[in-house]
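# Fold and contact review
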Amino acid sequence: ALKAKKKLVYIEGERIRKKQFTFKEELHHRVGMFLHHKIYQRKNLFYLCIGHYVEKDLRGFGLYKNRCLDWGYFPKLGVDKPKEKKWNGKDINLVYIGQFIKIKRPEHAFTIAKIFEDSGFNVTLDFLGSGVLLDDFKAMANKGIIKGKVVVHGRVPLEEVKQYLSNAHFYL
């Protein structure tokens, strides 16, 4: 597919710089990235950035200039002052917002919920978003992996997303 000169081609990837590098590691990483991706520097190849900072990372390596596309759901939520709410000390509301694709690892939300449950908390886990694994997560929610309430809502309007965020103790 990469040899097709007239067709648009894309590759996808997530954040490259997930940790801080030492100078030696940074130099090694930059050279390796450039050599690895140099063969892809053609006008008809685009990079689908799975995450908001991927384009910035690629620009730092001098790659895919003007050919990076943000691929995801990045709404401008606005910054509201958090409301004071009392916590009863035993209920935890978790919310996963994102795509249901393997690279995003949404299944880790169940692991985190299980840790809270094992520590004695009552857990509510809400999943918001869409993707190829959505139906799998609906089935997992019905299996009773955790004792708490698990709801897979799918894609919801922005106003509902804000409501789930305001009710959550943790965002996953």
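Here we summarise the structure given alongside this text. Small disclaimer: the values here were computed from a predicted structure and weren't measured.

### Brief notes about the pairing of strand S2 (residues 45-49)
Within S2, four of the five residues are buried, which leaves it mostly tucked inside the rest of the structure. With five bridges joining them, strand S1 (residues 9-13) and S2 adopt parallel strand pairing. Across the sheet, residue Glu 12 finds its bridge partner in S2, namely Leu 48. Pairing of S2 with strand S3 (residues 68-70) involves three bridges; the strand directions are parallel. When the bridges of S3 are listed, Cys 49 appears paired with Asp 70.

### Some points on unusual backbone geometry
One non-glycine residue with positive phi stands out, namely Arg 105, at about 55 degrees. In this fold, Arg 105 is placed in the loop between strand S4 (91-97) and helix H3 (108-118).

### Comments concerning the sheet that holds strand S5 (residues 122-128)
The four strands are arranged S6-S5-S4-S7 in an open sheet whose pairing can be described as parallel. Edge positions in the sheet fall to strand S6 (149-154) and strand S7 (170-171), since each of these pairs with one other strand and no more. Packed on one face of the sheet, helix H4 (residues 134-143) meets S5 and S6 and runs near 160 degrees to S6. In this fold helix H5 (residues 158-167) packs onto S4, S5, S6 and S7, with an angle of close to 145 degrees to the strand it touches most, S4.

### Focus on the nonpolar core
In terms of nonpolar packing, the biggest core is built from 17 residues, with Leu 94, Phe 100, Leu 125, Phe 127, Val 150 and Val 152 touching the most fellow members. Contributions of two or more residues to this core are made by S4, H3, S5, H4 and S6. No other element matches H3, which puts four residues into this core. Val 9, Val 54, Phe 61 and Cys 68 belong to the second largest nonpolar core, which has eleven residues in total.

### Details of the sheet that holds S3
Pairing in this open sheet of three strands is parallel, and the strands run S1-S2-S3 from one edge to the other. Looking along the sheet, the strands with just one partner apiece sit at the ends: S1 and S3. Adjacent strand axes in the sheet meet at a mean angle of 30 degrees when their direction is disregarded.

### Side note on a nonpolar patch on the surface
A cluster of nonpolar side chains, contributed by Phe 23, Leu 27, Val 31, Phe 34 and Leu 35, occupies part of the molecular surface with about 540 Å² of accessible area. Structurally, the position occupied by Leu 35 is in helix H1 (residues 23-38).

### Description of the pattern of salt bridges
As enumerated under the stated definition, the model contains two salt bridges in all. Here Lys 114 and Asp 118 are joined by a salt bridge, their closest N and O atoms 3.5 Å apart. Linking Lys 114 with Asp 118, this pair stays in helix H3, spanning four residues, or about one helical turn. Under the relative-accessibility criterion, Lys 114 is labelled partly exposed at 33%.

Reading the values: rules and limits
- Residues numbered from 1 in each chain as written.
- Predicted model: local features only at pLDDT ≥ 70, side-chain atom pairs only at ≥ 80, totals over all residues.
- Heavy atoms only, no water.
- Buried < 20%, exposed > 50% of the residue type's maximum accessible area, 1.4 Å probe, protein only.
- Helix = DSSP H or I, 4+ residues; strand = E, 2+ residues; numbered from the N terminus.
- Pairing = 2+ DSSP bridges.
- Contact = heavy atoms within 4.5 Å.
- Axes fitted to C-alpha atoms, helices over the stretch in contact; angles between N-to-C directions.
- Core = buried A, V, L, I, M, F, W, Y, C linked by side-chain atoms within 4.5 Å.
- Patch = residues over 30% accessible without salt bridge, like charges linked within 9 Å, V, L, I, M, F, W, Y side chains within 5 Å.
- Areas by Shrake-Rupley, 256 points an atom, 1.4 Å probe, with all protein chains shown as cover.
- Salt bridge = Lys/Arg side-chain N within 4 Å of Asp/Glu carboxyl O.

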